[in-house]
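# Structural description and commentary
Each chain is listed here by its residues.
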Amino acid sequence: MFKKEILESIKEFDTIIIHRHVRPDPDAYGSQSGLAEIIRSTYPKKSVYVVGEADPSLRFLAELDQIEDETFEGALVIVCDTANQERICDQRYTKGKKVIKIDHHPNHDPYGDITWVNTDASSTSEMIYELFRYGKKEYGLVLSNEGARLLFAGIVGDTGRFLFPSASATTFQYASELVKYNFDRTALYDNLYNTKHSIAKLKGYILQNFTVSSNGLSTIKITKETLQEFGLTSRETSQLVGVLGDIEGIIAWVFFIEEEDAIRVRLRSRGPIINIVAQKYNGGGHPLASGATVYSWEETDEVVKDLEDVCFQYQQK
Ligand SMILES: [Mn+2]
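Residues numbered from 1 in each chain as written. Predicted model: local features only at pLDDT ≥ 70, side-chain atom pairs only at ≥ 80, totals over all residues. Heavy atoms only, no water.

Quick look at the coordination of the manganese ion now. Distances from the manganese ion to its protein donors, Asp-27 (OD), Asp-81 (OD), His-104 (NE2) and Asp-158 (OD), fall at 2.1 to 2.4 Å. In primary sequence terms, the donor set of the manganese ion follows D-x53-D-x22-H-x53-D. Taken together, the positions of Asp-27 in helix α2 (residues 26-42) and Asp-158 in helix α4 (residues 145-158) put the pair 131 residues apart, joining distant regions of the chain. Note on accessibility: Asp-27 and Asp-158 belong to one class, buried. (Donors = N, O, S within 2.8 Å, 3.2 Å for Na, K, Ca; no water. Helix = DSSP H or I, 4+ residues; strand = E, 2+ residues; numbered from the N terminus. Buried < 20%, exposed > 50% of the residue type's maximum accessible area, 1.4 Å probe, protein only.)

This part covers the sheet that holds strand β5 (residues 114-117). The five strands lie next to each other as β2-β1-β3-β4-β5, forming an open sheet whose pairing is parallel. Two strands close off the open sheet at either side, each with one partner strand: β2 (47-50) and β5. For this sheet the average axis-to-axis angle between neighbouring strands, irrespective of direction, equals 15°. Relative to strand β4 (residues 98-103), strand β3 (residues 76-80) is paired through five bridges, and the arrangement is parallel. Within the sheet, the bridge partner assigned to Ile-78 lies in β4 and is Ile-100. Across the face of the sheet, helix α1 (residues 2-12) comes into contact with β1 (15-19), β3, β4 and β5 while running at roughly 130° to β5. Helix-sheet contacts for α2 involve β1, β2, β3 and β4, and the interaxial angle to β2 is about 170°. (Pairing = 2+ DSSP bridges. Axes fitted to C-alpha atoms, helices over the stretch in contact; angles between N-to-C directions. Contact = heavy atoms within 4.5 Å.)

As structure tokens, then:
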């Protein structure tokens, strides 16, 4: 139903502007640019733009467009992979005539004129591929090799290379269809999983220093000084959060990364529902992978206490 409405809107508008979340990841880039690629290939006469702040480490996926405010007048705006309005990168999305939300995070903020949310989807890129499959015949949608590369990258990124429980039979089916397109998968993986020396060394530091509580919680605190010592920014550490995922006895873990004026909280779990804790501390996300923000080290102790409770409850089951 939503898919039909979305495709009708795409057909109707001449200018389509596609957004995604701040601090983009491969799924944000993949769904945004993959959808743009489908629309451009299908309707060459339409003006399609992808907007938001660029992330240099994801430039191999796509280049973004710089557009004037006026471009938004009468335009269709599609926001991919973004649960809440504050996280939409480029807040001019409100200037469009119609807004569509396409996302796979819990729908706490159902913004937009059309909201298509599927929390069972591994990634928004998977949903975009589903949209393509749905409209292939009736709307004559075209998916180029480049579009397939982008969507595949998004799925790979959000499933941790098909490792997370979110990778369903549908995910594998779509992936098997996407790899039939002609793109260089090896080059894509090389770009996605190319580790800088500084990141590799911080990874070593984390693996040497982690601890585990009796409830199975591991807590990692990375201060500004540590970041400086390793020559890294807070943003660059995001790819390290999975590093404790396969360690015996750890059922949930949290990274506190000190930034200029806040402490970023990255939460991961192998069972306990941790997004309820994230929501309590200016954040949110998926039940087993979410993020939050606190403003002092005292507050991080509160977060740890809440997480210990959640892990304790989980262990009682
Ligand atoms: Mn995503």
